[in-house]
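Structural description and commentary
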Amino acid sequence: MILQEEAIEIINQSALKLGAEFIHFQNSLGRVLGENVYSDMDMPPFNKSAVDGYACRKQDLSYDLELLEVIPAGVAPTKQIGPNQCSQIMTGAAVPEGADTIIMVEHTETNDGKIRFIQSKTNPNICAIAEDLKEGDLVLEIGTLIKAQQIPILASVGKTFIRVYRQPKVAVISTGDELVEPQETPQVSQIRNSNAAQIMAQLQQLGITGRYIGIAKDSPESTRKMLEEALDSSDMVLLTGGVSMGEFDFVPEILEEKGIEILFKSLAVQPGRPTVFGKKDKQFFFGLPGNPVSSFVQFELLVKPLIYKMMGSNFKPLPLKLPMGVEFNRKKAKRKSYIPIYINKNGEVMPVEYNGSAHIHSYVKADGMIYINIGETTLQKGQLVNVRQI
Ligand code: AMP
Ligand code: MG
């Protein structure tokens, strides 16, 4: 058995970054930038009004102002502002020459066609040219995971085609004679295959459409055949079940036969002890435990960081430290244990009722999971714990 940290180290050591491709920026959500992006212009590109109002000179605020013109957004001003003059201006329009202040329309009155400021003071209400960015400034760094907030940056600097790292092609296999597909009605001793759907969904959350191969029977022939199909033109194979110590768990044997080097096969983590990780040239293999909670958790802990690495980014779970709302106890402390939790109205961590690694329904109510370390049996009420959101 190896520690979770050792497993992550092994994965990081063997991870390979995939090649890059060019895509339209609007399709880049969830992808990782494969180039630095620079601004092609100053931002704002001109002195810009921040409000709807009148552009004038600060020194003239106590006088009635002559109105020269109306400046809509997107239209260049034609008149320079002189003493006791103003132009009506819209938010986002270019400030005319000579003006240093925009008085808000709400702070004015009109008398005989003249504009009068009726407050005692005002801000300039001008966004100065290049105050946000200068032409040539680095706006997005290589390795950035593209989320919704990065998309408008690409739009504003006109970077419509971007270099991103390729996403891994991932094949998914379930194993087990007891499994039937979700649309079927299980007969005696059968259960529905929930793992494949779960893993396809976890991949989808990373923007990846997995390739589902099917259910391998508990026979070396079937397992071999499915594995061969999965390995064909994929970067990663995720298989669930068949990796523990049962009589029909031949997966490790077939892996070796296929030339996959097994880098670990047992973790000191609960749930998920029988997790297998292997590599063959540039292809990676995970044998995840059959129990649905175990495969869910190990995908989060191990598969996700590897996928991010392959896509050119380091996965960093959001650091979230919150106090326990109740005391939590466990009997055994040989493995690091992950526990599903929800966050109550007071921002405290509450364990969800959890019967073990087959109890996938417990995760329906979970906002995240916490861990309790090897050697520890209690988390005190009020103790700060790391919450990993899911
Ligand atoms: P195994 O790792 O193959 O020994 O399976 C461990 C447990 O997980 C058994 O109770 C299996 O029936 C269950 N299991 C295995 N694969 C799946 C699956 N794809 N969907 C739901 N349960 C599964
Ligand atoms: Mg099985």
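The text that follows walks through the structure, step by step, so that each part is easy to find. Remember, predicted model here, so these are calculated numbers, not experimental data.

1. Re the site of ligand 1
- Inspection of the region around ligand 1 gives 16 residues, with Glu-178, Asn-193, Ser-194, Gly-242 and Gly-290 positioned closest.
- A distance of 3.3 Å separates a nitrogen atom of ligand 1 from a polar atom in the backbone of Asn-195.
- Look at ligand 1: alone it shows 490 Å² of surface, and the protein chains cover 77% of it.
- Spatially, ligand 1 is embedded in the largest pocket.
- Elements with a contribution of two residues or more to the shell around ligand 1: β13 (170-175) and β15 (191-192).
- Here the shell around ligand 1 is composed, by residue class, of three nonpolar, eleven polar and two charged.

2. A short note on the pattern of salt bridges
- This model, assessed by the stated rule, comprises nine salt bridges.
- Note that Glu-257 is salt-bridged to Arg-224, the shortest N-O span being 2.5 Å. Here Glu-257 is found in helix α5 (residues 251-257), whereas its partner Arg-224 is found in helix α4 (residues 220-231), with 33 residues between them in sequence.
- The exposure class of Arg-224 is partly exposed, given its relative accessible area of 25%.

3. Quick look at the sheet that holds strand β7 (residues 101-104)
- With respect to topology, four strands assemble into an open sheet ordered β5-β6-β4-β7, the strand pairing being mixed. Every interior strand has two partners, whereas the edge strands, β5 (66-71) and β7, have only one. Strand-to-strand twist of the sheet, defined as the mean angle between neighbouring strand axes without regard to direction, takes the value 30°.
- Inspection of the sheet shows strand β4 (residues 53-56) paired to β7 by four bridges, in the antiparallel sense. Along β7, the bridge assignment pairs Ala-55 with Ile-102.

4. Observations concerning the packing of aromatic side chains
- Applying the stated rule across the entire model yields seven aromatic pairs.
- Seen from their ring centres, Phe-277 and Phe-284 are 6.1 Å apart, and the 5° between their planes marks the pair as stacked. Here Phe-277 and Phe-284 have matching classes, each one buried.
- Measuring from centroid to centroid gives 4.8 Å for Phe-277 and Phe-286, while their planes differ by 40°, and the two rings are tilted.
- Relative accessible area serves as the criterion here: at 0%, Phe-277 is assigned to the buried category.
- Here Phe-286 falls in the buried class, since its relative accessible area comes to 0%.
- An aromatic cluster is present here, built from Phe-264, Phe-277, Phe-284 and Phe-286 joined pairwise through their rings.

5. A word on the pairing of β4
- Judged from the three bridges that link them, β4 and strand β6 (residues 85-89) form a sheet pairing that is antiparallel. Looking at β6, one finds that Ala-55 is bridged to Ser-87.

6. What to know about the layout of surface pockets
- Its volume calculated, the largest pocket comes out at about 980 Å³.
- In terms of lining residues, the largest pocket is bounded by 48 residues, among which Pro-271, Asn-291, Ser-294, Ser-357 and Ala-358 are the most central.
- At the level of elements, β13, β15, α6 (292-310), β23 (328-329) and β24 (336-343) are the ones that each hand at least two residues to the lining of the largest pocket.
- By residue number, the principal contributor to the lining of the largest pocket is β24, which donates three residues.
- The class makeup of the residues in the lining of the largest pocket is 18 nonpolar, 20 polar and ten charged.
- Leu-145, Lys-304, Tyr-308, Phe-315 and Lys-316 are the residues nearest the centre of the second largest pocket, which is lined by 20 residues in total.
- Taken together, the elements giving at least two residues each to the lining of the second largest pocket come down to α6 and β29 (388-389).
- If you tally residues by element for the lining of the second largest pocket, the top one is α6, at four residues.
- For the lining of the second largest pocket, the per-class residue count stands at nine nonpolar, six polar and five charged.

What counts as what
Residues numbered from 1 in each chain as written. Chains lettered and ligands numbered in written order. Predicted model: local features only at pLDDT ≥ 70, side-chain atom pairs only at ≥ 80, totals over all residues. Heavy atoms only, no water. Near = heavy atom within 4 Å. Polar contact = N/O pair within 3.5 Å; in protein donor to acceptor, adjacent residues only side chain to side chain. Areas by Shrake-Rupley, 256 points an atom, 1.4 Å probe, with all protein chains shown as cover. 1 Å grid on protein atoms, 1.4 Å probe; cavity = no way out; pocket = protein on both sides within 12 Å on 5 of 7 lines; lining within 4 Å. Sits in = over half its atoms within 2 Å of the grid points. Helix = DSSP H or I, 4+ residues; strand = E, 2+ residues; numbered from the N terminus. Nonpolar A, V, L, I, M, F, W, Y, C, P; charged D, E, K, R; others polar. Salt bridge = Lys/Arg side-chain N within 4 Å of Asp/Glu carboxyl O. Buried < 20%, exposed > 50% of the residue type's maximum accessible area, 1.4 Å probe, protein only. Pairing = 2+ DSSP bridges. Axes fitted to C-alpha atoms, helices over the stretch in contact; angles between N-to-C directions. Phe/Tyr/Trp six-rings, centres within 6.5 Å; stacked < 30°, edge-to-face > 60°. Points joined across faces, edges and corners; volume = space filled by probe spheres on them.

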